[in-house]
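Structural characterization, general
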Amino acid sequence: SAVNRWKRRKMMFEIIKLAIIIFALTVNSVSDVKKRKISLGIIGILFAGGVLFRIYDKTLVSFDTLYCLIPGVLTILLSFVSKGSVGLGDALMILSLGLYMKANEILSVIMVAVTLAGIVALVCVTVLKKGRKYELPFIPFLYIGFVVVRCII
């Protein structure tokens, strides 16, 4: 029936979205940990896929999309204001992830990621005696935040 086809198509798109997100987070997490660099090409693919899904859903030009992009835009601004203390790649990843999620989901992902990164940074400074300028790769924390939020919401 038409309803079953619609449900199958919707489920297929959700699986494709999830695969794109997992791919982008996995590759960039590994690269961020090993080299402290992330692939802007993969972020571009993530972003382009999100735009295409929003076009397909007919939600590209909507307040929902605007709300979902605000955290990424603010993080990009924070990257410039902090002169790179917050990585531009991290900000672009947040912006791109916002295209795949609802506003409350992307905010929850960021909240989990920042909280975990803060705990790890505290351990690094106090227990491991790293300096305050020690840089933590942030994409793995976004990955963990994404998994936590997807399992809860």
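Rules used in this analysis
Residues numbered from 1 in each chain as written. Predicted model: local features only at pLDDT ≥ 70, side-chain atom pairs only at ≥ 80, totals over all residues. Heavy atoms only, no water. Helix = DSSP H or I, 4+ residues; strand = E, 2+ residues; numbered from the N terminus. Rg over C-alpha atoms; globule rule 2.2 N^0.38 Å. Buried < 20%, exposed > 50% of the residue type's maximum accessible area, 1.4 Å probe, protein only. Contact = heavy atoms within 4.5 Å. 1 Å grid on protein atoms, 1.4 Å probe; cavity = no way out; pocket = protein on both sides within 12 Å on 5 of 7 lines; lining within 4 Å. Points joined across faces, edges and corners; volume = space filled by probe spheres on them. Nonpolar A, V, L, I, M, F, W, Y, C, P; charged D, E, K, R; others polar.

For the rest of this paragraph, the subject is the overall build of the protein chain. A count of helical and extended segments in the protein chain gives six helices and zero strands. Its helices and strands taken in sequence order, the protein chain reads α-α-α-α-α-α from the N to the C terminus. Whereas a compact globule of 153 residues would reach a radius of gyration of roughly 15 Å, the protein chain reaches 17 Å, a difference of no more than 12%. With the C-alpha coordinates aligned to their principal axes, the bounding extent of the protein chain is approximately 65 × 30 × 25 Å. Residue burial in the protein chain is summarised as follows: out of 153 residues, 37% are buried. Sequence-distant contacts in the protein chain: of pairs separated by 6 or more residues, those separated by 24 or more amount to 68%.

A few words now on unusual backbone geometry. We note that Lys-58 has phi near 60 degrees; this positive angle belongs to a residue other than glycine. Structurally, Lys-58 can be placed in the loop between α2 (40–56) and α3 (63–81). For Lys-58, a relative accessible area of 73% gives the class exposed. One non-glycine residue, Lys-83, lies in the positive phi region at around 55 degrees. As for its placement among the helices and strands, Lys-83 is situated in the loop between α3 and α4 (88–98). What makes Lys-83 exposed here is its relative accessible area of 79%.

What follows concerns the layout of surface pockets. Empty space among the atoms can be located by rolling a probe the size of a water molecule over them. For the largest pocket, the calculated volume is near 890 Å³. In terms of lining residues, the largest pocket is bounded by 29 residues, among which Ser-85, Val-86, Gly-87, Asp-90 and Leu-136 are the most central. At the level of elements, α3, α4 and α5 (103–126) are the ones that each hand at least two residues to the lining of the largest pocket. The calculated volume of the second largest pocket comes to roughly 520 Å³. Taken together, 21 residues make up the lining of the second largest pocket; nearest its centre are Lys-10, Glu-14, Lys-17, Asp-57 and Tyr-100. Mapped by element, the contributors of at least two residues to the lining of the second largest pocket are α1 (2–35), α2 and α6 (139–152). Of the residues that constitute the lining of the second largest pocket, the class distribution is ten nonpolar, one polar and ten charged.

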